[in-house]
Amino acid sequence: MFLSEKVQGHHRDRLAIVYVRQSTLRQLEHHQESTRLQYALVERALQLGWPRERVKVIDDDLGRSGSSAADRPGFQRLVAEVGLGHVGLVLGIEMSRLARSCRDWYQLLEICALSETLLADCDGVYDAGWYNDRMLLGLKGTLSEAELHLLKARMHEGRRAKAQRGDLFFTPPRGYVRGPGGEIVLDSDERVRDVVQLVFDTFERYGTINGVLSYLVAHGLKLPHRVRSGAGKGELAWHAPNRYTLTDMLRNPTYAGAYAYGRRKSRPSQSRSAQGSSRWSAEPDVLIKERLPAYISWDTYERNQKQIVANGSAHRGTPRGGPALLADLLTCGRCGRRMAALYPNGGRFQRYACSRASVNYGAPLCQSLSGPRLNALVADLMLQTLAPAALEASLQAAEDLELERATLHRQWRQRLERARYDVERAQRQYDAAEPENRLVVRSLEQRWEATLADELRLQTEHRQFLAEQPLPPTPQERAAIAQLASDMPAIWTSVDTMPADRQAIARLMLERIIVTVKDNSEAVAVECHWAGGVQTHHELRRPVAHLTQMSNHTALLERIGDLHASGHKAPMIAETLNAEGWMPPKRRATFTADMVRQLLHRIGISIAPHRGWVTRLKQREPGELTINELVARLGIPYSTIYTWIQRRVVTARKVPVLSHSLWLIRVDEAEFSRLRQLRHGMTIPQPFCES
């Protein structure tokens, strides 16, 4: 009677869906009784009054976990049919078959309640719209989710405990195999071990994964792979190298002799399809060093990881082909952005500028400086560093080339030996076959011919390789290399040395350079971060456009005035300034007489360039300054002072000096305060100006 109250005629007018699910393919293969029980629910629907043509089975989710609906097309189809009002009854062997997640379970319950769809399992029939049934179904869903959580927790703790002992088996990476007792040992094939070792040696030499990949491809080398399943399980195959395989090899601590567990970190919300792209963690859950045979030391492994991280660092860039030595190596000391290399005036000049904020947001230029002086400073530092080790480096490079050549020749010998073995094996199989078995003999004959063709092709490639290899240097050539290496400046400045070569040397020696222009002056602080972690600090003087930008411009003008007051002429003043180490603001390295006359004119002393007599401003009143003196004290452009004079913002008068005229501006302490406020954009009253 209780069932008859729930199952009504309008329910039987709609479909009865039997939902069938097994969590894994292993359960589907070895626990078939559960699958039979779920399919037998069709008879349960018939007993409840549904005609056979209205009973549908959804079994799209066989071998799929119920922890999420993301990878279950069958469950998604079920929810869609219920939401459309096509279903009157949903049958499952138990509620855990429908969902192991409360989120998916309560969503299904809500839709069933709205569409008046019944649910049934081995214990009875439930109406999600009834309070008691709803509470019971909710309790069953919660228990189902908790059961899955407990099962996963037990399995995880068991795996972790086994991993902490180093006994949890995993698929060994290339270059390793499992021994008879299950232990991980080095591959018995000598060529496999040599190729794996070559990958790490090449990364040590080039420092980048792309360099290793290019080297392997250029020399026709392939990576070993042991077949993991199928009829050829355990057999050796050779695959073309790729970036992902090399990255996995260089990041795997197994090659350093360490047992690692828990390197792959996946979020709990990730679906099964997304877990393949989970991030690798730098710190595995379990790490046991010196547990396995190693190809490299642990120190080498850590150094490789730091190098891989540095290759993707924000301060290291790729040269764009320009001649600037430090392109993409400079970092702005003010904002921390990378400084760009600019080539103004059609490429005749070089500048380094922090222009990213200006280009992207229209902000003012952060800082910039001339390129040649900074390039010369860094080049001198690098040459000083290379000078003691130049000879040793040249001889070491020659030795490295010999070792590399020997390694390649050994690889070719092993490949030829493998090809010869395959030919002899195919011949033995052909000779052992019975002549009457024509089908087998023909197949073995084709295999033998194929191995002979492969051997012939490999021998041709080997002869081509030998023809392209350069001859080893003679003793006379090695002596010439040593003599040339002793003169590194000549090599650096040689026309045969390309800008790309200099840039490559700079990137090998330097990680980055932080440049800071001090207060828009000529003083520049240069902080060099060398490879290996050493930092050095240097000072650089850059050319500036105006005298007022120089940090010592006030002292320079005072020194010029003192020398003139002592009776020195302009040429003598220029020689004295040059001897004392004073430098002009622009690119010119020394003072000239004309430059001294211009500076004397700025401080109110005019000199006739040809007649040599001096006229001082005897009519100057106390508190009056020239435009140049006011510019020097306020640090503002000349055009601003002229604008103030034209708009009568300042009190000024014009006096004759020789054939020229000169503006004198009356400025006291109060006036200085007012002009400073005006300089910063504050609104001030307009004073009366006398002419």
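Refer to the structure above for everything that follows.
Caption draft 1: Structural context of helix α24 (residues 593-602). Three or more residues of α24 are buried, namely Ala 593, Met 595, Val 596, Leu 599 and Leu 600. Across the axial projection of α24, the buried residues extend over an arc of 155°, all falling on one side.

Caption draft 2: Here's a closer look at the packing of helix α23 (residues 570-580) against α24. The contact between α23 and α24 brings their axes to 8 Å, and the two run at 100°. Taken together, α23 and α24 sit at an angle that is classed as roughly perpendicular. Between α23, through Ala 570, Pro 571, Ile 573, Ala 574 and Leu 577, and α24, the contact on the second element is made entirely by Ala 593, Val 596, Arg 597 and Leu 600. The class makeup of the residues in the contact of α23 with α24 is eight nonpolar, no polar and one charged.

Caption draft 3: Representation of the nonpolar core. If you look at the biggest cluster of nonpolar residues, it comprises 32 residues, and the most contacted ones within it are Val 199, Leu 216, Leu 223, Leu 246 and Tyr 255. Of all the secondary structure elements, the ones that give two or more residues to this core are α10 (190-206), α11 (209-218), α12 (243-251), α13 (298-311), α17 (390-432) and α18 (438-468). Here this core gets six residues from one element, more than from any other, and that element is α10. Those residues in contact with Leu 216, other than ones at most four positions away along the chain, are Leu 198, Val 199, Leu 221, Leu 223, Pro 241 and Leu 246. In terms of nonpolar packing, the next biggest core, distinct from the first, is built from 31 residues, Ala 324, Leu 381, Val 517 and Trp 530 among them.

Caption draft 4: Local environment of the pairing of strand β1 (residues 15-22). With seven of eight residues buried, β1 is to be regarded as a mostly interior element. In this sheet, strand β3 (residues 87-91) lies alongside β1 in parallel orientation, the contact comprising four bridges. Each bridged residue has a counterpart across the sheet, and for Val 18 the counterpart in β3 is Leu 91. The pairing of β1 with strand β2 (residues 55-62) spans six bridges and is classified as parallel. Bridging from a neighbouring strand, Ile 17 pairs with Lys 56 of β2.

Caption draft 5: Quick look at the packing of aromatic side chains. Counting across every chain of the model gives seven aromatic pairs. Between Tyr 19 and Phe 75 the ring centres are 6.3 Å apart and the planes differ by 75°, which places this aromatic pair in the edge-to-face class. Taken together, the residues span a long stretch of sequence, with Tyr 19 in strand β1 and Phe 75 in helix α6 (residues 73-83) at a distance of 56 residues. Residue classification places Tyr 19 among the buried positions, given a relative accessible area of 0%. A relative accessible area of 2% places Phe 75 in the buried class. With a centroid separation of 5.9 Å and an interplanar angle of 50°, the aromatic rings of Tyr 255 and Tyr 295 are classed as tilted. Linking Tyr 255 in the loop between α12 and β10 (259-261) with Tyr 295 in the loop between β13 (286-288) and α13, this pair joins segments that are 40 residues apart in sequence. Residues Tyr 255 and Tyr 295 agree in their burial class; the two are buried. In textbook terms, an aromatic cluster arises when at least three aromatic residues are bridged by ring pairs, as seen for Tyr 176, Phe 200, Tyr 255 and Tyr 295. The residue whose ring lies beneath Arg 72 is Phe 75, and the NZ or CZ to ring-centre distance is 4.3 Å. The cationic tip of Arg 415 hangs over the ring face of Trp 412; the distance from NZ or CZ to the ring centre is 4.4 Å.

Conventions adopted
Residues numbered from 1 in each chain as written. Predicted model: local features only at pLDDT ≥ 70, side-chain atom pairs only at ≥ 80, totals over all residues. Heavy atoms only, no water. Buried < 20%, exposed > 50% of the residue type's maximum accessible area, 1.4 Å probe, protein only. Helix = DSSP H or I, 4+ residues; strand = E, 2+ residues; numbered from the N terminus. Arc of directions from axis to C-beta. Axes fitted to C-alpha atoms, helices over the stretch in contact; angles between N-to-C directions. Parallel < 35°, antiparallel > 145°, perpendicular 65-115°, else oblique. Contact = heavy atoms within 4.5 Å. Nonpolar A, V, L, I, M, F, W, Y, C, P; charged D, E, K, R; others polar. Core = buried A, V, L, I, M, F, W, Y, C linked by side-chain atoms within 4.5 Å. Pairing = 2+ DSSP bridges. Phe/Tyr/Trp six-rings, centres within 6.5 Å; stacked < 30°, edge-to-face > 60°. Lys NZ or Arg CZ within 6 Å of the ring centre and 35° of its normal.

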